[in-house]
Amino acid sequence: MVKIGETYVLGAKAKAYIYAKQALFTGYNTIYVAMYDSVDGSRLTDGHFHLEAEMDMETMQHNCPVEGNEDIDATTKLYSTSLVFVMPTVMMGKWYLHVGYHNHKV
């Protein structure tokens, strides 16, 4: 897996580590997310997440289609979702991933 990034999820006492099987590209991509407690570092498996991708083109912004999945894989302990990046970032703008998480521990 390729690490795409990591971020704290404000209000959820969580930190998300985001992965994909390969570098992200224009088209259909599956994203995998590992959630950890941001205080004690323990793995979070009781909750659900939401992911959005937004392209910022300076004068306008737009999202892309997301195939949601709030369930966690019991074996890998990873959440997953798929996105369709509809245009490349080269000369167009920059994609940003926005991660939300409802932590049932909090």
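Above this text you will find the structure in question.
Residues numbered from 1 in each chain as written. Predicted model: local features only at pLDDT ≥ 70, side-chain atom pairs only at ≥ 80, totals over all residues. Heavy atoms only, no water.

Trainee: Requested: an account of the overall build of the protein chain, with residues and values cited.
Mentor: Each helix and strand in the protein chain was counted, giving zero helices and eight strands. Computed over the C-alpha atoms, the radius of gyration of the protein chain is 14 Å, within 12% of the 13 Å expected from 2.2 N^0.38 for a compact globule of 106 residues. Residue burial in the protein chain is summarised as follows: out of 106 residues, 33% are buried. For the protein chain, the proportion of contacts with a sequence separation of at least 24, taken over those separated by at least 6, is 55%. For the protein chain, the computed accessible surface area is about 6,400 Å², with 54% contributed by carbon and sulfur atoms. (Helix = DSSP H or I, 4+ residues; strand = E, 2+ residues; numbered from the N terminus. Rg over C-alpha atoms; globule rule 2.2 N^0.38 Å. Buried < 20%, exposed > 50% of the residue type's maximum accessible area, 1.4 Å probe, protein only. Contact = heavy atoms within 4.5 Å. Areas by Shrake-Rupley, 256 points an atom, 1.4 Å probe, with all protein chains shown as cover.)

Trainee: Which residues make up the pairing of strand 7 (residues 79-85), and what are the values?
Mentor: Among the seven residues in strand 7, six count as buried, and that is most of the element. The sheet contact formed by strand 3 (residues 27-37) and strand 7 spans seven bridges and is antiparallel. From the neighbouring strand, tyrosine 32 faces strand 7, where its bridge partner is serine 80. With two bridges connecting them, strand 6 (residues 66-67) and strand 7 associate as antiparallel partners. What sits directly across from valine 66, in strand 7, is leucine 83. (Pairing = 2+ DSSP bridges.)

Trainee: How would you explain the side chain of asparagine 103 if you had to name every residue and give the values?
Mentor: Tracing the backbone through its elements, the reader meets asparagine 103 in strand 8 (residues 94-103). Looking at asparagine 103, its side chain comes within polar contact range of the main-chain oxygen of alanine 12, at 2.9 Å. Of the polar contacts made by the side chain of asparagine 103, one reaches the backbone nitrogen of lysine 105; its length is 2.9 Å. Not counting residues up to four positions away in its chain, the partners in contact with asparagine 103 are Ala12, Lys13, Leu44 and Asp46. (Polar contact = N/O pair within 3.5 Å; in protein donor to acceptor, adjacent residues only side chain to side chain.)

Trainee: Before we move on, can you summarise the sheet that holds strand 7 with the specific residues and values?
Mentor: Across the sheet, five strands lie side by side as 1-2-3-7-6; this open sheet has antiparallel pairing. Strand pairing shows two members of the sheet lacking a second neighbour, strand 1 (2-9) and strand 6, which therefore form its edges. Across seven bridges, the pairing between strand 1 and strand 2 (residues 14-20) is antiparallel. Opposite glutamate 6, over in strand 2, you have tyrosine 17 as the bridge partner.

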